[in-house]
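Here are the chains, one letter per residue:
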Amino acid sequence: MLSDDAIDWVIDNYTRGRVADEQMSALLMAIFLRGMTPGEITRWTAAMVNSGERFDFTDLERDGRPLALVDKHSTGGVGDKLTIPLVPVVIACGAAVPQAAGRGLGHTGGTLDKLEAIPGFSAELTKTQIRQQLCGVGAAIFAAGELAPADRKIYALRDVTATTESLPLIASSIMSKKLAEGARALVLDVKVGRGAFLKTEAESRELARTMVELGNDYGVPTRALLTDMNRPLGLSVGNAVEVAESLDVLAGGGPADVVELTVALAREMLAAAGIDGVDPAETLRDGSAMDRFRALVAAQGGDLSLPLPIGAASETVTAPRGGVMGDIDAMGVAMAAWRLGAGRAQPGEPVQLGAGVRLHRRPGEPVAAGETLFTLYTDTPDRLPAALGELDGAWSVGDAPPQELPLIIDRID
């Protein structure tokens, strides 16, 4: 068992470059193989939080009252653009959201890649800008910067040592950044299914429980929703295409599943922040969430009056027969988006902001022969054949609708 002092020492000295990669690799492999006790995970997470700056916004007020600071984190999925509509919904209801976000590694970009598809948008904010936005606009979505720098080094090492799929290391990686960003409460969206980071419900449930315990132990009230990720969320997978869909949601439309999960997570965030008596769904109907999003984007240099990028080359997939749309495999769509250039294989690689996949039918909806089911976009036409190949076998048209899956599986607090 690792002592508290040993954990503090190794995290501090690895961050400072005094422990070699080879030594840390051996420790990560031991953790991967043997796991960690709850106490070890808690101390490991705290040591990573303490490896860099921790934001403190407890002095911030609005109308003479402390800001109700709350954030949300998703473990990642296919078409998971929830941050974009969710943050303005929550701030329109009276809370404030300090969100440290990242760029993606895998099938699509992360939250920052998606938002940077908006012309002019910048996530490189100073602490002063973050504080000003929290008091004025109500939210700031910013690059993690020097928050939990130990996690950045350890994450990169895990990626090249085959130790990424270690539950203690996943939980501490996520929570170290979230606990350092200054929120007073946290809601987690933990994905389950083919398009999720962890494939089985048992693994996702254990991860959710571990992270909830970490947050609560650290003094940040934390709760989690387990949500389905066997099918893509919404009707778009990519970067700018997901922003466009989020704008539809904020305008009072958009896919029903995106709206449902946005409202459900908003209710959890508001409850965690101690705000009651408001209906987050109303902010989508009355336009107040859209107004807050416009203000947030403008504060960070973005211009929503300019068109979003879209790939110059496109291809469609049509229905070979009439019938009913069958299941759509989230990971098949995700890999198609990655082949189109929407994601990256190595940190720091550019992504194509206009690359992605649009879905024209959801599982269970009627389909006519020859009807367009998917549209693929890229700026690199020679990527299209590989992307089409990823979609092969990822969908079907049948005579009966597939089993309907619940979007929200469980709640853990």
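Note that the coordinates shown come from a computational prediction; the quantities given were computed from them, not determined experimentally. (Residues numbered from 1 in each chain as written. Predicted model: local features only at pLDDT ≥ 70, side-chain atom pairs only at ≥ 80, totals over all residues. Heavy atoms only, no water.)

A.B. asks: How do you make sense of the packing of helix H1 (residues 4-15) against helix H7 (residues 149-160) when you look at a structure like this?
C.D. replies: When two helices pack together, their arrangement is given by the angle between the helix axes and the distance between those axes. Where H1 meets H7, the axes come as close as 9 Å, and the angle between the chain directions of the two elements is 85°. As far as their axial angle goes, H7 and H1 are roughly perpendicular. Across from Ile11, Tyr14 and Thr15 in H1, the residues of H7 making contact are Pro149, Ala150, Lys153, Ile154 and Leu157. Here the contact of H1 with H7 is built from residues that sort into six nonpolar, one polar and one charged. (Axes fitted to C-alpha atoms, helices over the stretch in contact; angles between N-to-C directions. Helix = DSSP H or I, 4+ residues; strand = E, 2+ residues; numbered from the N terminus. Parallel < 35°, antiparallel > 145°, perpendicular 65-115°, else oblique. Contact = heavy atoms within 4.5 Å. Nonpolar A, V, L, I, M, F, W, Y, C, P; charged D, E, K, R; others polar.)

A.B. asks: What is the right way to read the side chain of glutamate 181 from this model?
C.D. replies: Looking at the secondary structure, you find glutamate 181 in the loop between helix H8 (167-180) and strand E6 (185-192). Polar contacts involving the side chain of glutamate 181 include one to the main-chain amide nitrogen of alanine 100, which spans 2.8 Å. Other than its neighbours up to four places away in sequence, glutamate 181 contacts Phe55, Phe57, Asp71, Pro98, Gln99, Ala100, Phe142 and Leu147. (Polar contact = N/O pair within 3.5 Å; in protein donor to acceptor, adjacent residues only side chain to side chain.)

A.B. asks: Looking at this model, I keep getting lost on the sheet that holds strand E11 (residues 356-359). Mind explaining?
C.D. replies: Think of a sheet as strands paired side by side through backbone hydrogen bonds, with each pair either parallel or antiparallel. Spatially, E8-E11-E13-E9 is the arrangement adopted by the four strands of the open sheet, whose pairing is antiparallel. Two strands lie at the open edges of the sheet, namely strand E8 (236-238) and strand E9 (313-318), each paired on one side alone. Pairwise comparison of adjacent strand axes, ignoring direction, gives a mean angle of 15° for this sheet. Bridging between E9 and strand E13 (residues 372-378) involves six bridges; their strand directions are antiparallel. The residue of E13 that forms the bridge with glutamate 315 is leucine 376. (Pairing = 2+ DSSP bridges.)

A.B. asks: I tried to follow the domain arrangement of the protein on my own but got confused; where do I start?
C.D. replies: It is common to report an interface's size as the accessible area lost on association of the parts. By the assigned domains, the protein splits into domain 1 (61-300) and domain 2 (313-398). For domain 1 and domain 2, the distance between their C-alpha centroids amounts to 25 Å. Between domain 1 and domain 2, the residue contacts involve 27 residues of the former and 25 residues of the latter. For the domain 1 and domain 2 pair, buried surface summed over both sides reaches about 2100 Å², with 56% attributable to carbon and sulfur atoms. (Domains from an automatic or database assignment. Buried area = accessible area lost by both parts, 1.4 Å probe.)

A.B. asks: Sorry, what's going on with the sheet that holds strand E12 (residues 366-367) here?
C.D. replies: Read across the open sheet, the three strands follow the order E12-E10-E14; overall the sheet is antiparallel. In the strand order of this sheet, the two ends are held by E12 and strand E14 (397-398), each with one partner. Sheet analysis places strand E10 (residues 323-325) next to E14, joined by two bridges and oriented antiparallel. Residue pairing in the sheet places valine 324 in a bridge with glycine 398 of E14.

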